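Chain residues, written in single-letter form:
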Amino acid sequence: MAALARLQARLSGLREEYFRRNRSVDEDRKIEYKAAIKIQSWFRGCRVRAYLRYLNKRVIFIQKWWRGYQSRRYFRRMVETAYFIMKMNFYNEMAVRIQKRWRGYYVRKYIHNYYALKKYLEAISVNNEIVRNELQEYAEMKEKEEKRKDTEKKEKEKQYQARKMHYLLSTEKIAGVYNSPFRKSPDPMELLLRKSKPLSHRQQQMKSPFAYELYDWPTCKRPPTFSTAQPLPPIGRQKPQGPFRDTAEVLQQRYKPLEPTLRVAASINSPLEKAREEMKKEEWRNCIHDNEFLPFSSYHKNEKYDPSIHRSVKYGQETYGITHFREVQPKKWVADKVSHCIF
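Residues numbered from 1 in each chain as written. Predicted model: local features only at pLDDT ≥ 70, side-chain atom pairs only at ≥ 80, totals over all residues. Heavy atoms only, no water.

Attention now moves to the environment of Gln 161. Residue placement: Gln 161 occurs in helix H3 (residues 114–164). The class for Gln 161 is partly exposed, based on a relative accessible area of 28%. Linking Gln 161 and Pro 198, residues 37 residues apart in sequence, is a C-alpha distance of 9.9 Å. (Helix = DSSP H or I, 4+ residues; strand = E, 2+ residues; numbered from the N terminus. Buried < 20%, exposed > 50% of the residue type's maximum accessible area, 1.4 Å probe, protein only.)

Here it is in structure tokens:
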């Protein structure tokens, strides 16, 4: 009981001491917590930095090892490639030597045989000598021929000059130009003049009477006729004295075409209406074909076609004045029959 009483007496003080101790413990807990965090962070940092340093060392070691391995591998490959190239070059050189020896042997034995080539060259040299001699002979022959032609040409020229100057020949009474009395012998030209004959005058060529007719054939201006009459003598250009008409006017009147009248052109037994109809047709045909057609000339190709004033169509025959007087168009009629005026 006494212990319980003592505890009850100390109860108020225990509350204050409990509160004070808890408060101090809380304050210390915050300080310890912050210290623990700082210690942990420092330790973890040291640990992480040590691990990172270890990892860096391992990475650097691995990189060095890999680079060395790659360099050794590349160097080994380069060495192998260089060795392979050197070996292939050696093999190619040996193959070229073998091919050269074999081709030389084959060509010398089967293609370019020395003895056969020697015989061929000898034959060519002999053939060249023969051809050269023939060409020399041919050149000499051509030269002689040219000289002979020149001599003949000069001789002909001399003969022509001698015939042309035959009037300079000496006579019994008078010595010529080439026969000087002061010379012992006459000049060679004098001897040539004695042998040659005098040059005769050229006869004037007569123009053929068919020339103008044959010249007109390509243009077809007139039908081809062959005249048998003798040509008229040429008329002098000088106008004769007296009251005479002009020569061109006389010829135009003489050779003008015949223009008969209707009574002379038509038959006696034909009626007047038929003659008039023929005259109308002739007039219509002349109006259409008034230009002369020349088949071998090209001046009419550039001319344009002149359409008729009675029709809107470019081509076609006009019925006015030939078939009937007035053109009839039944499709435009209003009634079926034609209306006539009844008086």
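Spacing of three or four residues puts side chains on the same side of an α-helix, whose turn is 3.6 residues. Within helix H4 (residues 188–195), the full set of buried residues consists of Met 189, Glu 190, Leu 192 and Leu 193. When H4 is viewed along its axis, its buried side chains cluster within an angular range of 160° and face the same direction. Exposed residues pointing more than 90 degrees away from the buried face of H4 are listed as Pro 188 and Lys 195. Buried residues in H4 make contact with H3. Regarding H4, its N-cap is Asp 187, as a side-chain oxygen of that residue lies 3.0 Å from the backbone nitrogen of Met 189 further along. (Arc of directions from axis to C-beta. Contact = heavy atoms within 4.5 Å. Polar contact = N/O pair within 3.5 Å; in protein donor to acceptor, adjacent residues only side chain to side chain.)

Below, the discussion takes up the pattern of salt bridges. Pairing of side chains with opposite charge becomes possible as their charged atoms draw close. Scanning the model with the defined rule gives ten salt bridges in all. Among the ionic pairs, Arg 148 bridges to Glu 145, the shortest N-O distance being 2.1 Å. On the criterion of helical spacing, the pair formed by Arg 148 and Glu 145 is a turn pair, its members being three residues apart in helix H3. For Arg 148, a relative accessible area of 38% puts it in the partly exposed group. Salt-bridge contacts for Arg 245 lead to Glu 249; the nearest nitrogen and oxygen are separated by 2.9 Å. Since its relative accessible area comes to 39%, Glu 249 is described here as partly exposed. (Salt bridge = Lys/Arg side-chain N within 4 Å of Asp/Glu carboxyl O.)

This part takes up the confidence of the model for the protein. Confidence along the protein averages 78 in pLDDT terms, with 70% of residues attaining 70 or more. H3 holds the highest mean pLDDT among the elements of the protein, 91, whereas helix H5 (residues 211–215) holds the lowest, 46. Note that pLDDT drops below 50 for residues 209–219; the model gives that stretch 13 contacts with residues more than four away or on any other chain. (pLDDT = per-residue confidence, 0-100.)

Time to look at the nonpolar core. Ala 162, Met 165, Leu 168, Met 189, Leu 192 and Leu 193 together form the largest nonpolar core, which totals six residues. For this core, the leading source of residues is H4, giving three residues. Residues contacting Leu 168, with those up to four places away along its chain left out, are Gly 176, Val 177, Tyr 178, Glu 190 and Leu 193. (Core = buried A, V, L, I, M, F, W, Y, C linked by side-chain atoms within 4.5 Å.)

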